[in-house]
Amino acid sequence: QGTRDHPPAHVALRDRLLAAVVTCFKRHGAAAIDTPVLELRETLTGKYGEDTKLIYELQDQGGELLALRYDLTVPFARYLAMNKITNMKRYHVAKVYRRDNPATTRGRYREFYQCDFDIAGQFDPMIPDAECLKIVHEILSDLQLGDFIIKVNDRRILNGVFAVCGVPESKFITTCSTVDKLDKMPWEEVRSEMVGEKGLSPEAADHIGEYVQLHGGLDLIEQLLQDPKLSQNKLAKEGLGDMKLLFEYLTLFGITGKISFDLSLARGLDYYTGVIFEAVLLQPENDHVEEPVSVGSVAGGGRYDGLVGMFDPKGRKVPCVGVSIGIERIFSILEQRVEASGEKVRTTETQVLVATPQKHLLAARLKLISELWDAGIKAEMLYKKDPKLLKQLQYCEDTGIPLAAIIGEQELTDGVVKLRDVATREEVRM
């Protein structure tokens, strides 16, 4: 099906992961919003380029053609336009749906969570964009997933490159979606798709190849600003100027070590208008390999200044920039690590098991556990009238419950509870 059931250990792991991401979003002052899983079909179509075919469309439901949401960005833009909101910093964690060919081993599903952070509003250039990149850096560092790189580019620079290479404007978007395949295909295959399927001249394709295989930092931006052809193109010049500014802010945030200005980055979605970025985990295959290999994109985003205007009857634009954390991909990596290490994942947060050593003490257990629950303590007991003490302590060990509160006849007489540390077997009466 390309979807799957999650056993308790996996859900516990994912919850911890989501909590870490949400904590970061909140640290940056974002408010949570929620939008419906169902949108009008016309809201979604025409926003995702070639990926439009992956939208789950529903049959006519009472006169309306509906679809399942493909991402959280388009519904957010629709929400801003409908409610006439021009300024907002928001996060949204929810499931999205894609009629894709799943690859479950690589964390590619038809139903999966996305964690989005977006800043909407008219602000000075590159300040919100820099914060989005800082958030990606924070989350990937906090989760300790290993080495990563965040690739950055700008749609205006790409379009400028296409223009100076002789690509007609009508073919910018389709050329862009072909360039986007460079992370999965070698340049030769991308070039033949440009010429064979997209109808570009071989000269134009070769010329594009000279640019899109470049990557670097501020030095590359300076070099391209001096490029005789690119510097004459208004779009490219704007994009490069903003990219330079972005790198200045990222230097102040202290994160440029993990940022690469990469001209091959295109991101296939139609709605991006400026800066685009994508985070990739790097994994050394073995000790003999100097070059770490990429294990796929785990976060991506960019600036989409025209999207809200598409839903506004008067076409009022609200500039936006945002990032989406690919939680399922990260989750797949963490799952594999946990399985490889053989460590047990606690599936509950129970702090104490209420236990009895003798028979006929169910009433005492029920009274004590009720007091603990009322005091906000996470507690459990076995659902047997007279369980053996060994069985109860074994349950603590199996599920990772750290404490057992034991009440026997002697404890009832003395008005105390014996608290046992399950791991060390130390006991105190209280």
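Residues numbered from 1 in each chain as written. Predicted model: local features only at pLDDT ≥ 70, side-chain atom pairs only at ≥ 80, totals over all residues. Heavy atoms only, no water.

Here we take up the overall build of the protein. Counting its regular elements, the protein contains 15 helices and 16 strands. Out of the 430 residues in the protein, the part that is buried amounts to 49%. Counting only contacts in the protein whose residues sit at least 6 apart along the sequence, the fraction spanning at least 24 positions is 67%. With 54 positive and 64 negative side-chain charges, the protein shows a separation of 5 Å between the mean positions of the two kinds. (Helix = DSSP H or I, 4+ residues; strand = E, 2+ residues; numbered from the N terminus. Buried < 20%, exposed > 50% of the residue type's maximum accessible area, 1.4 Å probe, protein only. Contact = heavy atoms within 4.5 Å. Lys, Arg positive; Asp, Glu negative; His and termini not counted. Charge placed at Lys NZ, Arg CZ, Asp CG, Glu CD.)

This part covers the domain arrangement of the protein. On domain assignment, one finds that the protein holds domain 1 (8-341) and domain 2 (352-429). Using C-alpha coordinates to define each centre, domain 1 is positioned 52 Å away from domain 2. (Domains from an automatic or database assignment.)

Counting buried residues in strand β9 (residues 275-283) gives eight out of nine residues, a clear majority hidden from the surface. Sheet analysis places strand β6 (residues 148-154) next to β9, joined by seven bridges and oriented antiparallel. In the sheet register, lysine 151 faces β9, and the bridge partner there is glutamate 278. (Pairing = 2+ DSSP bridges.)

What follows deals with the nonpolar core. Of all hydrophobic cores here, the largest spans 76 residues; its most connected members are Phe25, Ile208, Leu246, Phe261, Ile325 and Ile330. Take this core: its biggest share by element is eight residues, from helix α1 (residues 8-27). Isoleucine 208 has contacts with Phe162, Cys165, Val167, Thr175, Trp187, Met194 and Leu200, leaving out every residue within four places of it along the chain. Counting residues in each nonpolar core, the second largest holds 25 residues, with Ala77, Leu269, Tyr272 and Leu307 among its members. (Core = buried A, V, L, I, M, F, W, Y, C linked by side-chain atoms within 4.5 Å.)

Bringing a positive patch on the surface into the picture now. Residues Lys359, Lys384, Lys388 and Lys391 make up a contiguous surface patch of positive charge. Examined against the element boundaries, lysine 384 turns out to sit in the loop between β13 (379-380) and α14 (389-399). (Patch = residues over 30% accessible without salt bridge, like charges linked within 9 Å, V, L, I, M, F, W, Y side chains within 5 Å. Areas by Shrake-Rupley, 256 points an atom, 1.4 Å probe, with all protein chains shown as cover. Salt bridge = Lys/Arg side-chain N within 4 Å of Asp/Glu carboxyl O.)

An order of β13-β12-β14-β15-β16 is seen for the five strands of this open sheet, with the pairing classed as mixed. Looking at the sheet topology across the chains shown, the edges are occupied by β13 and β16 (427-429). Across two bridges, the pairing between strand β12 (residues 352-355) and β13 is parallel. If you follow valine 352 over to β13, its bridge partner there is alanine 379. The strands touched by helix α13 (residues 362-374) are β12, β13 and β14 (403-406); relative to β12, the strand with the most contacts, the crossing angle is about 160°. On the sheet, α14 packs against β12, β13, β14 and β15 (418-421) and is oriented at approximately 175° with respect to β12. (Axes fitted to C-alpha atoms, helices over the stretch in contact; angles between N-to-C directions.)

Their axes nearest at 9 Å, the elements helix α5 (residues 155-164) and helix α8 (residues 202-212) cross at an angle of 145°. The element α5 and its partner α8 pack so that their crossing is right-handed. Packed against α5, whose contacting residues are Leu158, Val161, Phe162 and Val164, the element α8 presents His207, Ile208, Tyr211 and Val212 at the interface. Here the residues of the contact of α5 with α8 sort into seven nonpolar, one polar and no charged. (Left-handed = near helix turned anticlockwise from the far one by under 90°. Nonpolar A, V, L, I, M, F, W, Y, C, P; charged D, E, K, R; others polar.)

The tally for this structure, following the rule as stated, stands at seven aromatic pairs. Seen from their ring centres, phenylalanine 25 and phenylalanine 117 are 5.6 Å apart, and the 35° between their planes marks the pair as tilted. Linking phenylalanine 25 in helix α1 with phenylalanine 117 in strand β5 (residues 111-120), this pair joins segments that are 92 residues apart in sequence. Classification of phenylalanine 117 by relative accessible area gives buried; the value is 0%. When the ring of tyrosine 48 is compared with that of tyrosine 70, the centres are 4.2 Å apart and the planes differ by 40°; the resulting orientation is tilted. (Phe/Tyr/Trp six-rings, centres within 6.5 Å; stacked < 30°, edge-to-face > 60°.)

Quick look at the pairing of β15 now. Of the pairings in the sheet, the one linking β14 to β15 comprises four bridges and is antiparallel in character. Within the sheet, the bridge partner assigned to isoleucine 406 lies in β15 and is lysine 418. Across three bridges, β15 lies against β16 in antiparallel orientation. Bridging from a neighbouring strand, leucine 419 pairs with valine 428 of β16. The antiparallel hairpin formed by β15 and β16 contains five residues in its connecting segment, where arginine 425 sits at a positive phi of about 65°.

Following the UniProt record, one finds the feature "binding site: L-histidine" (unreviewed entry) at Asp71, Leu72, Thr73, Arg98, Gln114, Asp118, Arg267, Tyr271 and Tyr272. According to the relative accessible area criterion, glutamine 114 is buried, its value standing at 10%. Sequence-distant contacts of glutamine 114, defined by excluding residues within four places in its chain, comprise Asp71, Leu72, His92, Val93, Ala94, Val96, Arg98, Ser324 and Ile325. Inspection of the secondary structure puts tyrosine 271 in the loop between β8 (259-262) and β9. Setting aside its immediate chain neighbours within four residues, tyrosine 271 contacts Lys47, Tyr48, Asp71, Thr73, Val74, Arg303, Tyr304 and Leu307. Here aspartate 71 takes part through its side chain, which lies 2.8 Å from a polar atom of the side chain of tyrosine 271. (UniProt positions renumbered as here; feature names shortened; annotations may be inferred. Polar contact = N/O pair within 3.5 Å; in protein donor to acceptor, adjacent residues only side chain to side chain.)

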